[in-house]
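Fold and geometry: a report
Read off the chains here:
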Amino acid sequence: MGCLACLLLLAPPGLPNEMLAAHNAIRARLHLPPLAWSNRLAAFAQQWADTLLARKRFAHRPHNPYGENLFEITGARRTPTAVVRDWASESRAYHYRSNTCDSVCGHYTQIISSRTTEVGCAVARNSRTQIWVCNYNPPGNIIGRRPY
């Protein structure tokens, strides 16, 4: 069994379907095409989530060729849908007309980027912490460009 297969077996049951459905529900509200699930991106995300958990860090992967959303929680658990909803809640801070944010909105604008066609996500967890990573291809969040 290859490494990719090992990583995918460690994913919580239903994670790909639930993550993809949550992303595509947000996109559907804006009449954007649905994303496809990528096992390659999911394996890439799993490697980074595992690294962050092992190092007790929370940071974006340096020199990442993909778009990336991160989520961390300690002392509780989240479902894939809840994680995506948290990112999507940033929509309140995003203003399409001026393409600006009142505060953080990059997680949301990555989800709704019309450039992006595929996503792969993973979670690393121990007894106290969950770190979620989603990678997007092609990446969104191009400076000065509206997401759709």
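Procedures and definitions
- Residues numbered from 1 in each chain as written.
- Predicted model: local features only at pLDDT ≥ 70, side-chain atom pairs only at ≥ 80, totals over all residues.
- Heavy atoms only, no water.
- Helix = DSSP H or I, 4+ residues; strand = E, 2+ residues; numbered from the N terminus.
- Buried < 20%, exposed > 50% of the residue type's maximum accessible area, 1.4 Å probe, protein only.
- Pairing = 2+ DSSP bridges.

What follows covers unusual backbone geometry. Trans is the common state for peptide bonds, and a negative phi is the common state for residues other than glycine. Backbone torsion omega between Asn137 and Pro138 reads -20 degrees, so that peptide bond is classified as cis. Assignment of secondary structure puts Pro138 in the segment after β6 (129-137). Within the chain, His31 stands out as a residue other than glycine whose phi angle is a positive 60 degrees. For His31, a relative accessible area of 74% gives the class exposed. The backbone phi angle of His63 is positive, close to 55 degrees, even though this residue is not glycine.

The buried fraction of β6 is high, at eight of nine residues. As judged from the eight bridges shared by strand β2 (residues 67-74) and β6, these two strands associate in the antiparallel manner. Residue pairing across strands places Phe71 opposite Trp132, the latter belonging to β6. As judged from the eight bridges shared by strand β5 (residues 118-125) and β6, these two strands associate in the antiparallel manner. Counterpart to Ala124 in the pairing with β6 is Ile131. Taking the residues between adjacent antiparallel strands as the criterion, β5 and β6 are bridged by three residues.

All right, on to the pairing of β5 then. Among the eight residues in β5, seven count as buried, and that is most of the element. Note that strand β1 (residues 36-37) and β5 share two bridges and pair parallel. Bridged to Ala36 within β5 is Glu118.

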